[in-house]
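Survey of secondary and tertiary structure
Each chain, written out:
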Amino acid sequence: MKKTFRILIALSLSLAGPAASWADALLINGAGATFPYPIYSKWFDEYHKLHAEVQFNYQSIGSGGGIRQISQRTVDFGATDGPMKDSDLENAKGTIMHLPTVLGAVVPAYNIEGVTEKINFTQKAIAGIFLGTITSWNDAEIQKANPGMKLPSTSIVVVHRSDGSGTSYCWTDFLSKISASWASHVGRGTAVNWPVGLGGKGNEGVAGLVKQTPNAIGYVELIYAKQTSMTYGKLQNKAGKFTEASVESVKAAAAAVKMPFDFRVSITNASGDEAYPSATYTWLLIYKNQSDKQKGKALVDFLGWMLKDGQGMAEGLGYVPLPSTIVEAETAAIKKIKV
């Protein structure tokens, strides 16, 4: 069942002091990615404390839904963990800008009785698991990277997203780069035809299915794995090193890839010994030409606040703040939004 998260006014107004009522507030509607919901919720609440006349309503429905709604202009902003395709941008009702907000990581989380250690997944092993060619936990490809670890002979249950998802885009983008078979038979996208597995809606749905299904493995954003106390493994990166998702390893991935002018970039399987291979930016999707002048001005002001003050809240919630070079480039970009 789709979850709709709303940043409601009651607590915010009590903290903000005398302020405009809900009916008087300027309501800015957004929809999209589930991964950044915790940080967006925090940002919208903190910004509302400073600007009680502005109210954000964000529906956490997945990146695919966010792209559809902003393309149809039924919301004031969208949110995605996977950049829009050229064809989608061409079909949108105006020029859409991709504005990075924070960075994050997608991790392989699993539920194996008696196994609490972090499993090392070679690139061949993780691709084989999601392709359905590696089907048992004690497969030689998994066991060789985890000497001394007692892995069961039980069958692997794969869990994936059932909805259009930027988390899926990051994961399938990574798999496409490390497996020629995946690239040719499945490919990358916010939604793909999965070779095997069960589907769950949202990061929450995948995390829930993995936790309740013995011998399951799924991919979830790091923040959700931590929030739900899931066990997750290390991934072999391009340099052949087994790396754990962390602020440092995600920063290393971002530092290894040059950011293009439109901010649409992939940082999966980046070069470097320390780079985590399934890392991603997440973006807000904003029309360059704002049809509502009042909302446009409020959005531009919020974006400036997000880049200056909001970044300091990222690590406390399990995200990675934007590199200073990206903040500088994005600050210049938002000045081009026409209100």
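Some remarks on the overall build of the protein chain
Within the protein chain one finds 13 helices and twelve strands. Structurally, the protein chain occupies a C-alpha span of about 60 × 40 × 30 Å along its principal axes. Here the protein chain holds 339 residues, and 56% of them are scored as buried. Pairs at least 24 apart in sequence give 74% of the contacts found in the protein chain among residues at least 6 apart. Both charge centroids of the protein chain, one from 33 positive and one from 28 negative side chains, sit 3 Å from each other.

Some details on the environment of aspartate 76
Position of aspartate 76 relative to the elements: it lies in the loop between α3 (63–71) and β3 (77–80). Aspartate 76 has contacts with Leu27, Ile28, Asn29, Ile70, Lys295 and Leu299, leaving out every residue within four places of it along the chain. Here lysine 295 takes part through its side chain, which lies 3.2 Å from a polar atom of the side chain of aspartate 76.

A closer look at the packing of aromatic side chains
One pass over the full model with this rule turns up 25 aromatic pairs. Relative to tyrosine 219, the ring of tryptophan 171 has its centre 5.7 Å away and its plane inclined at 10°; by these criteria the two rings are stacked. With a gap of 48 residues between them, tryptophan 171 in helix α7 (residues 166–178) and tyrosine 219 in strand β8 (residues 216–221) connect regions that are remote in the sequence. Measuring from centroid to centroid gives 6.3 Å for tyrosine 281 and tryptophan 283, while their planes differ by 40°, and the two rings are tilted. The residues tyrosine 281 and tryptophan 283 share a single accessibility class, namely buried. When the ring centre of tyrosine 287 is taken as reference, the NZ or CZ atom of arginine 73 above it lies at 3.7 Å.

Notes on the pattern of salt bridges
Under the counting rule described, the total for this entry stands at twelve salt bridges. Between lysine 49 and aspartate 45 there is a salt bridge, and its shortest N-O distance comes to 3.7 Å. Linking lysine 49 with aspartate 45, this pair stays in helix α2 (residues 37–50), spanning four residues, or about one helical turn. Of the residues examined, aspartate 45 reaches a relative accessible area of 17% and is grouped as buried. Lysine 144 serves as the salt-bridge partner of glutamate 141, at 3.2 Å between the closest nitrogen and oxygen. Lysine 144 gets classed as exposed once you look at its relative accessible area, which sits at 57%. The network of salt bridges with shared partners includes Lys42, Asp45, Glu46 and Lys49.

Thoughts on the side chain of serine 165
Here serine 165 lies in the loop between β6 (157–161) and α7. In this structure, serine 165 is in contact with Ser63, Gly64, Gly189 and Thr190, ignoring residues within four places of it in sequence.

Comments concerning the confidence of the model for the protein chain
Per-residue confidence for the protein chain gives a mean pLDDT of 92, with 93% of residues at or over 70. A low-confidence stretch, residues 1–22 (pLDDT under 50), is modelled with 40 contacts involving residues beyond four sequence positions or located in other chains.

Cut-offs applied
- Residues numbered from 1 in each chain as written.
- Predicted model: local features only at pLDDT ≥ 70, side-chain atom pairs only at ≥ 80, totals over all residues.
- Heavy atoms only, no water.
- Helix = DSSP H or I, 4+ residues; strand = E, 2+ residues; numbered from the N terminus.
- Buried < 20%, exposed > 50% of the residue type's maximum accessible area, 1.4 Å probe, protein only.
- Contact = heavy atoms within 4.5 Å.
- Lys, Arg positive; Asp, Glu negative; His and termini not counted.
- Charge placed at Lys NZ, Arg CZ, Asp CG, Glu CD.
- Polar contact = N/O pair within 3.5 Å; in protein donor to acceptor, adjacent residues only side chain to side chain.
- Phe/Tyr/Trp six-rings, centres within 6.5 Å; stacked < 30°, edge-to-face > 60°.
- Lys NZ or Arg CZ within 6 Å of the ring centre and 35° of its normal.
- Salt bridge = Lys/Arg side-chain N within 4 Å of Asp/Glu carboxyl O.
- pLDDT = per-residue confidence, 0-100.

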